[in-house]
Amino acid sequence: MKQKTSEEVWSVIVTTVEQIPGYRVKEILGVVSGNVVMSKHLGRDIAAALKTLAGGEIKGYTEMLTEARNIAFERMVKEAEKLGADAVIGFRYSSSMIMSGAAEILAYGTAVKLEKI
C-alpha cells in the first residue's frame, strides 16, 4: 500500500486529543478504524532468534510493525474520508497476537465534522 510522503497531506486532521485549537466539534460521525494482521516469515524468525542471543533491537520486526501501523492508519483515515470527516479525534493504536507468529495492529478514533470558532 502506498504511503504518504512528506509532501502529501491527509484530507483529515488526526490527533490523540479531544479538542483541536480554533475549532469545535460540530458533529460526531462515529468510530472509525483500520486494521491489518501481519505475520513473520522464516527469514525474520531465524534472524530474530540469532539476535535474541546477542541482545538488541530486532530490526526486521521493528520494520514489520512500522509498516503495519502505517497500513492501519491509512485504512482508518480512508474510512473517515468516506464519512466526510474533517478530523479523527482520540486517535489510538492497539495490538494483539492473533496466533503464533501473527499480530494485529488496529488504529481507531472518532470521526468528526468541525467548525471554525
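Here, every reference points to the structure presented above.
Predicted, not measured: the structure shown is a model, and the values here were computed from it.

(A) Expanded view of the overall build of the chain. Of regular secondary structure, the chain possesses two helices and four strands. In the chain, the succession of helices and strands from N to C terminus is β-β-α-α-β-β. Taken across its 117 residues, the chain has 27% of its residues classed as buried. For the chain, the proportion of contacts with a sequence separation of at least 24, taken over those separated by at least 6, is 75%. Per element, the accessible surface of the chain, about 7,400 Å² overall, is 56% carbon and sulfur.

(B) Up close: the sheet that holds strand S2 (residues 23–39). The sheet built from four strands is open, its strands ordered S1-S3-S4-S2 with mixed pairing. The open sheet has two edge strands, strand S1 (13–14) and S2, and neither has a second partner. Judged from the 15 bridges that link them, S2 and strand S4 (residues 102–116) form a sheet pairing that is antiparallel. Paired with Glu27 across the strands is Lys113, a residue of S4. The sheet strands contacting helix H2 (residues 59–83) are S1, S2, strand S3 (87–99) and S4, and the helix crosses S2 at an angle near 140 degrees.

Calculation rules
- Residues numbered from 1 in each chain as written.
- Predicted model: local features only at pLDDT ≥ 70, side-chain atom pairs only at ≥ 80, totals over all residues.
- Heavy atoms only, no water.
- Helix = DSSP H or I, 4+ residues; strand = E, 2+ residues; numbered from the N terminus.
- Buried < 20%, exposed > 50% of the residue type's maximum accessible area, 1.4 Å probe, protein only.
- Contact = heavy atoms within 4.5 Å.
- Areas by Shrake-Rupley, 256 points an atom, 1.4 Å probe, with all protein chains shown as cover.
- Pairing = 2+ DSSP bridges.
- Axes fitted to C-alpha atoms, helices over the stretch in contact; angles between N-to-C directions.

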